[in-house]
Amino acid sequence: MIVEIGHYALVLALVLALAGGTLPFWGALRGDNRLMAVASTTSVAQFLFVAVSFAALTYAYVVSDFSVQNVVENSHSLKPLLYKISGVWGNHEGSMLLWVLILVLFGALVAVFSENLPLKLKALVLAVQSWISAAFLFFILIASNPFLRLDPAPLQGHDLNPLLQDVGLAIHPPLLYLGYVGCSISFAFAIAALIDGRIDAAWARWVRPWTLTAWCFLTLGIAMGSYWAYYELGWGGWWFWDPVENASFMPWLAATALLHSAIVMEKREALKIWTILLAILTFSLSLLGTFLVRSGVLTSVHAFATDPTRGIFILCILCVFIGGAFSLFAARAGQLSQGGLFAPISREGALVLNNLLLTAACATVLVGTLYPLALEALTGEKISVGAPFFDMTFGPMMVPLLIAVPFGPLLAWKRGDIVAAGQRLLFAFGAAMAVVILGLALMGTPSALALFGVALAVWLMVGALSEIAFRIKLGRVSPAESWRRGAGLPRSAWGTMVAHFGVGVTVLGIVGSTAWNSETIVTLKPGEAVTIGSRTLTMDGFVPISGGTYTGTGVRFTVRQGGNVVATMEPEKRLYTVPNTPTTEAAINTFGFSQLYVSLGDISADGSTVVRVYWKTLIALIWLGALVMTAGGMLSLSDRRLRVGAPKPARRPVAVPAE
Amino acid sequence: MTRKQRRLTLISLAGVVLASAVGLVLFALSDGITFFTSPSDVLAKPPSVDQRVRLGGLVERGSIVKEADGVVRFAVTDGKATVPARYVGILPDLFREGQGVVAEGKVDGSGLFVADTVLAKHDETYMPKEVVDALKKSGEWRPEDGDGPAPQTVQR
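Calculation criteria
Residues numbered from 1 in each chain as written. Chains lettered and ligands numbered in written order. Predicted model: local features only at pLDDT ≥ 70, side-chain atom pairs only at ≥ 80, totals over all residues. Heavy atoms only, no water. Core = buried A, V, L, I, M, F, W, Y, C linked by side-chain atoms within 4.5 Å. Buried < 20%, exposed > 50% of the residue type's maximum accessible area, 1.4 Å probe, protein only. Contact = heavy atoms within 4.5 Å. Patch = residues over 30% accessible without salt bridge, like charges linked within 9 Å, V, L, I, M, F, W, Y side chains within 5 Å. Areas by Shrake-Rupley, 256 points an atom, 1.4 Å probe, with all protein chains shown as cover. Salt bridge = Lys/Arg side-chain N within 4 Å of Asp/Glu carboxyl O. Helix = DSSP H or I, 4+ residues; strand = E, 2+ residues; numbered from the N terminus. Phe/Tyr/Trp six-rings, centres within 6.5 Å; stacked < 30°, edge-to-face > 60°. pLDDT = per-residue confidence, 0-100.

Undergrad: Sorry, what's going on with the nonpolar core here?
TA: Burial of nonpolar side chains together is a common tendency in soluble globular proteins. Residues and elements named next belong to chain A. Counting residues in hydrophobic clusters, the biggest one holds 160 residues, and the most contacted among them are Trp 99, Phe 136, Phe 187, Phe 189, Trp 203, Ile 276 and Ile 280. Filtering out sequence-adjacent residues up to four positions away, Ile 276 remains in contact with Ala 190, Ala 193, Leu 194, Ile 199, Trp 203, Phe 329 and Leu 336. Among the nonpolar cores identified, the runner-up in size contains 26 residues, and Leu 411, Val 436, Val 458 and Leu 508 belong to it.

Undergrad: Mind showing me how you'd approach a nonpolar patch on the surface here?
TA: Residues and elements named next belong to chain A. There is a patch of nonpolar side chains on the surface, built from Ile 2, Tyr 59, Val 62, Val 63, Leu 81 and Ile 85 and spanning about 470 Å² of accessible area. At the level of elements, helix H2 (33-62) and helix H4 (81-86) are the ones that each hand at least two residues to the nonpolar patch. With respect to the helices and strands, Ile 85 occurs in helix H4. The class for Ile 85 is partly exposed, based on a relative accessible area of 30%.

Undergrad: What is the right way to look at unusual backbone geometry in this model?
TA: Excluding glycine, residues mostly carry a negative phi; peptide bonds, for their part, are mostly trans. Residue and element names in this part refer to chain A. For the peptide bond that leads from Asp 151 to Pro 152, omega is 0°, which places it in the cis range. Relative to the elements of secondary structure, Pro 152 occurs in the loop between helix H6 (119-143) and helix H7 (167-196). Notably, Trp 241 is not glycine yet its phi reads approximately 55°, a positive angle. A residue is classified by how much of its surface remains accessible, and Trp 241, at 11% relative accessible area, is buried. Of note in this structure, Leu 271 is not a glycine but carries a positive phi near 60°. Examined against the element boundaries, Leu 271 turns out to sit in the loop between helix H9 (243-268) and helix H10 (272-294).

Undergrad: Just to check I follow, could you spell out the packing of aromatic side chains for this structure?
TA: Each aromatic ring pair is described using two quantities: the centre-to-centre distance and the angle formed by the ring planes. All names here are of chain A. In the structure shown here, the tally under the stated rule is 26 aromatic pairs over all chains. Seen in terms of ring centroids, Trp 241 and Phe 249 are 6.1 Å apart; in terms of plane orientation they differ by 70°. Their pairing is edge-to-face. The residues Trp 241 and Phe 249 share a single accessibility class, namely buried. Between the aromatic rings of Phe 591 and Trp 615, the centroid separation amounts to 5.9 Å while the plane-to-plane angle is 40°, which identifies the pairing as tilted.

Undergrad: So what exactly am I meant to see when it comes to the confidence of the model for chain A here?
TA: All names here are of chain A. Of the residues in chain A, 94% reach a pLDDT of 70 or more, and the chain-wide mean stands at 88. For chain A, strand E1 (residues 383-385) is the element with the lowest average pLDDT, namely 84, and helix H19 (residues 620-637) is the one with the highest, namely 96. In this model residues 645-659 is a low-confidence stretch, pLDDT under 50, and it forms 12 contacts with partners more than four residues away in sequence or in other chains.

Structural data, given as structure tokens:
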């Protein structure tokens, strides 16, 4: 019964989405306030009905209702409760429902939290949002219904793929979807502005918090996915340039560019057309990612194998929305008013450079992702585009961007002084050089690329700090005065500093773990030891383990450094009973920011075991940096100006903090 | 600067960035990609010693030999031809004889495939698409062996 209620709620949500997509739109065209006011109600109601539907599916999973096909295929009654719940979105149908749930959640949030939005803009935004949810609700009901019943019901389920039975599944997809789908709001705002034919600084101010929210979740989601892959897949790698990873990374790059161009639009009313284009592009890339993952065109760890009709269905949605958006853009963009003037060397100029490099880098990733598909479709030749391609293209595009990052916030709007900015960054440059000299002195002649990478990371981190130090006149006035100035700076300035610092932290982690990574593979018997760097791992023996749906063997290692025991580690070999699948659980121990990573190969009958040990220098900084970036984003999100009720009139000169 | 000059500066900057992106992509496409081959292809037309390729097929039954310190020898077959391979490291959990495999590496002078990466299935019923295509090409594709398309694979 509850399952049928869920199914029915989904149908009702579709009807509401159709109503919410047409009535307010019609009202906006005719200037009918009552019709436009419908948008808020339908948006909130859509969310409630999809939430009921999602709750019904979750209930079916929790009580292991094996009369539901989706539950049979992806669950097992002995599975821990956490994995029963996260199993809801560990499959195509359920994750699609989660996708739509988040989509309508954002619509409802706009409806509730945008009281100061002009009625017409709000009606249009929510109408566009309803079109998207209608399309995907229709897709779920027609081609991937999670509520299908089975008769007779089997006694037990097939269980979830063991690789997915991890806390990562509970966190990673919801975070990633919050990011992916959150981009739909800026898309809806862009389409609404194009339909309305009007766009001003206030528009950018309304869009920015939504973009920033989506960006924060996307950052967290990608970082979480990367860490999950790192500890679960046992290869010791954290990014594989797998097409589906790229599918989440491209919207991130575009959203990062959008965040920055929205600042220019908000402060200076420039780059309007470009910002609109980026908003459309970001969500288009999110949709493309959805298509790549679900259509079965890719072979990847992520791909849901699905029947081709689903792929074609999503391709149609993709074409309608992206094609429609770009046609509208082509028709209307020329009518948007021109923005403010600025010199090439200025804050605007720096942000334009940021946008150019980010979108060009995004384009190289897009080419690397789609080229093999296109080549196979056209010539039948099969190739794989992997890390070497992206190292050669994405890497060089990022280097000038990262060098330029500290300059941006130090340049004034309209016309900047690059020499003055350079002087303020002398300390950061000195710090980067000091690291190079120190590196040469300590390690003789290490790789030039590694030294350059570390110097770049130091440049980014110290450069971010220098900007704040300059603005609070650190060392030039009394500490109390500096403190007062610091407290008076807008939160968005602190957010910029923290986020840029986080980029430096991630770069340091990437360089450290790539350049000073050591690994060894040995066959050990209990009592034998292997040495990596200054640490020795002794294999103590075997420990039997068992969980709800698996049994296995853990291998206990004692880690010693200089004769002292510093850690014990226990990687595992598991055998899941349903389906009959072996998995390997790596053991990871963190020392400072570096990690020791132990993974197991085969265990022979005589107890000798193949053991792979990695030492990854500073690798934890990669994900820590992403957390710092997210913290910066949230700090910026808490800035007062994004919450102020009435936006400033566009013509009043924008207050620039005292410099 | 006049408005025109400023616009020109911006456009030329954009041009430089775009041109370098295109240049990098073209360069990388000629150098940074890996072609997929089957054992028959390797025997018929061996790739040069420094060319990375992806070799896809089935792990030949009875061919896996495990040596000391993680060295594994096995053979990849598509039913028509068989290529011996060597890999150092920990094999995927689902690497088994008679099952699909994709190995990435180079063919050395003696015709041995030295793999640096071995990818196997992600779950019980999955087979890499390239392997399916290669087997179909050599006429050795037998879906009834249980290697049909996957009902469900992994989402990370």
